[in-house]
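# Per-entry structural report
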Amino acid sequence: MASLVYTPVHDIPQIREHLRASFRRGRTDSVAYRKEQLLQLAYLFQDNVPRFQKALLADLGRPKIETNLFDLSIIISECMYAYKNIESWTKPEKVPFNINWFAFSPKVYKEPKGTVLIITPFNFPLYCLAPLTGAIAAGCAAVVKPSELTPATSALLTELFPKYLDNDLYRVVNGAVEETTKLLELQWDHILYTGGGRVGRVVATAAAIHLTPVTLELGGKCPAVVDSNADFDMAAKRILWGKMTNAGQTCVAPDYVLVPHHVQSKLVEAFKEHWFTFYGSDSHTSDSFSRICSENHWDRISGMLKNTQGDVILGGEMSKEDKFIAPTVVTNVSFTDSLMKEEIFGPVLPIISVPDVDSALDYINSHDHPLALYAFSNDAKVCDYVRKRTLSGSFLANDLLLQANVSAVPFGGVGGSGYGSHKGKFSFDMFTHQRPVLRSPKWIDLLMSIRYPPYTDKSLKRANQAAMPKIPYPRPGESDSVNWMRWSVAAFTVVLVVANRHRVLDVIRASRQ
């Protein structure tokens, strides 16, 4: 397995300039070219499934099934989704008919923003690379900066990119703080960053210097609310799976559980049953559980667990040597506990008992909006109530994580969990400038001559009649009445055209000669 070599800092501006020059020569204008690159990206992963499984096992101790389900299958599916839909996405859009503007044939053209930067995290390095499909479909050139914390995976991407993709337009830049800082010093046409809020602020600040548009996907403390009317066996099974997948290193994993006092014991008993079913008597020897990505992250998570005032009822074992932290469930956790001070991003699940669902929602609403929010109840009205009373990047009732896999819906945060979104067409839109284009005919001056000086009382009156909108609805509190202003304006326009039909026809004939 190749070792990761950082990109020389002095090469980074040259890489950006080379990609920009290739983009400006129109290499990506052809939809056929974009489809070719999308197919190549899909085959990059399909041809190398065993190698990516091996790399992610080395980087994260990741079971093969998790790599297939949450990384490889997602990015290949995203490639195919873009490949199948790119013609409709890139087609200019006609705007709805408007009598004032139809003569200008207004359309919206989908044009690539330019040369973009995609910075991916360590936890799902291939899933978070999926927005590259949107950049390719949009016709952008792109630099990908993978995480230095997954060296085997990043080295493999670096090896395979030039073998499958056009090296003049799509490149990998490797490195840590120094290399990323150099990237952020440069001007880009869009930046997508996936990671934590602290670095997200750094990225946004650097982008602001160049007025570069940014999409931030930041995560946060995602809650799971369990109602007293929930199916506790199903809730515990799905929450335990969603939390412990990838050893809890998932931005949309439930960070904590809120459950009413009087039913907490039912949920806890269900957790115990499924914990032993999932991991047996010794989770350390389980081949269905990942490891923490780095010693620094292990130190942070283990410190939070050591300082908790709650009761560890499942797991709790730790081994720094192989960066292992057992899948752990903690009860009797308070809102001021060490486990509630920041996003855990690890396999430790605090359970907090509350008087009722409203109390849970009050706590959620007093903090940053989470990237995801989950509600478990057999009553659909309760789930809808939780959704309506809160704001989050996404909402899922009676399950976890799956919303992040649907190509047809956006994936992104709100407020403290980020801004902007991607997935499917939303990735295409993220890297696309929607450019309005109008074409003015010569004869339009017959209808719009009032715009030219000298301005007179007569021209003002005509302008008011032709262009000043009238509100066709009664003021709030007043009775409704029929308003003929729309029809009057339409009739006035028709009469004006008919009265000047000979002049209009003459101008049209002259313009065709």
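Refer to the preceding data block for the structure.
Structural notes, computed from the coordinates. Computed from a prediction, not measured in an experiment: that's the story for all the values here.

Next up on the list: the overall build of the protein. Along the protein, the regular secondary structure elements total 18 helices and 18 strands. Referenced to the eigenvectors of the C-alpha coordinate spread, the extents of the protein come out at roughly 90 × 65 × 35 Å. In the protein, which comprises 513 residues, the proportion classed as buried is 49%. Counting contacts in the protein only where the partners sit at least 6 residues apart, residues at least 24 apart contribute 72% of the total. In the form shown here, the protein has an accessible surface area of approximately 24,400 Å², with 55% of it arising from carbon and sulfur atoms. Charged side chains of the protein number 55 positive and 51 negative; the gap between the two group centres comes to 13 Å.

One key point about sheets: their strands pair by backbone hydrogen bonds, in either a parallel or an antiparallel sense. As summarised here, the arrangement of the seven strands in space is β10-β13-β14-β9-β8-β15-β16, forming an open sheet in which the pairing is mixed. Two strands lie at the open edges of the sheet, namely β10 (311-314) and β16 (394-397), each paired on one side alone. On average, adjacent strands in this sheet sit at an angle of 25 degrees to one another, irrespective of strand direction. The strands touched by helix α9 (residues 232-244) are β8 (222-226), β9 (254-260), β13 (328-331), β14 (348-354) and β15 (372-376); relative to β9, the strand with the most contacts, the crossing angle is about 160 degrees.

Side chains of F97, I99 and F102 sit close together on the surface and give an oily, nonpolar patch of about 340 Å² of accessible area. Along the polypeptide, F102 turns up in the loop between β1 (93-94) and β2 (107-112).

A few words now on the nonpolar core. F45, L132, F161 and I239 are the most contacted members of the largest nonpolar core, which totals 137 residues. No other element matches helix α4 (residues 64-90), which puts nine residues into this core. Not counting residues within four places of it along the chain, the set of residues in contact with F45 comprises F52, L72, I75, I76, L126, L129 and L157.

On to the packing of aromatic side chains. Scanning all chains against the criterion turns up 16 aromatic pairs. Look at Y127 and F411: their rings are 6.1 Å apart centre to centre, the planes differ by 85 degrees, and that puts the pair in the edge-to-face class. Taken together, the positions of Y127 in the loop between β3 (115-119) and α5 (132-138) and F411 in the loop between β16 and β17 (418-419) put the pair 284 residues apart, joining distant regions of the chain. Exposure class is identical for Y127 and F411. Each is buried. A ring pair is formed by Y256 and Y363, whose centres lie 5.9 Å apart and whose planes are at 85 degrees; its orientation type is edge-to-face. Of this pair, Y256 sits in strand β9 while Y363 sits in helix α12 (residues 357-365); the two residues are 107 residues apart in sequence, bridging distant segments of the chain. In this pair, the class of Y256 matches that of Y363, namely buried. Through a chain of ring-to-ring contacts, the aromatic side chains of W275, F276, F278, Y279, F289 and F324 assemble into a single cluster.

With that out of the way, let us pick up the environment of R389. Considering the arrangement of structural elements, one finds R389 in helix α13 (residues 380-389). R389 gets classed as partly exposed once you look at its relative accessible area, which sits at 28%. In sequence terms R389 and D358 are 31 residues apart; their C-alpha atoms lie 9.1 Å from each other. Residues in contact with R389, not counting those within four places in the same chain, are D358, L361, D362 and N365.

What follows deals with empty space enclosed by the protein. Here the structure, examined in full by the defined rule, presents two cavities of 30 Å³ or more. Approximately 120 Å³ is the volume found for the largest cavity. Taken together, 13 residues line the largest cavity, and the ones lying closest to its centre are F124, Y127, T250, V252 and A404. For the lining of the largest cavity, the residue count by class is nine nonpolar, three polar and one charged. Its volume calculated, the second largest cavity comes out at about 30 Å³.

Criteria and thresholds
Residues numbered from 1 in each chain as written. Predicted model: local features only at pLDDT ≥ 70, side-chain atom pairs only at ≥ 80, totals over all residues. Heavy atoms only, no water. Helix = DSSP H or I, 4+ residues; strand = E, 2+ residues; numbered from the N terminus. Buried < 20%, exposed > 50% of the residue type's maximum accessible area, 1.4 Å probe, protein only. Contact = heavy atoms within 4.5 Å. Areas by Shrake-Rupley, 256 points an atom, 1.4 Å probe, with all protein chains shown as cover. Lys, Arg positive; Asp, Glu negative; His and termini not counted. Charge placed at Lys NZ, Arg CZ, Asp CG, Glu CD. Pairing = 2+ DSSP bridges. Axes fitted to C-alpha atoms, helices over the stretch in contact; angles between N-to-C directions. Patch = residues over 30% accessible without salt bridge, like charges linked within 9 Å, V, L, I, M, F, W, Y side chains within 5 Å. Salt bridge = Lys/Arg side-chain N within 4 Å of Asp/Glu carboxyl O. Core = buried A, V, L, I, M, F, W, Y, C linked by side-chain atoms within 4.5 Å. Phe/Tyr/Trp six-rings, centres within 6.5 Å; stacked < 30°, edge-to-face > 60°. 1 Å grid on protein atoms, 1.4 Å probe; cavity = no way out; pocket = protein on both sides within 12 Å on 5 of 7 lines; lining within 4 Å. Points joined across faces, edges and corners; volume = space filled by probe spheres on them. Nonpolar A, V, L, I, M, F, W, Y, C, P; charged D, E, K, R; others polar.

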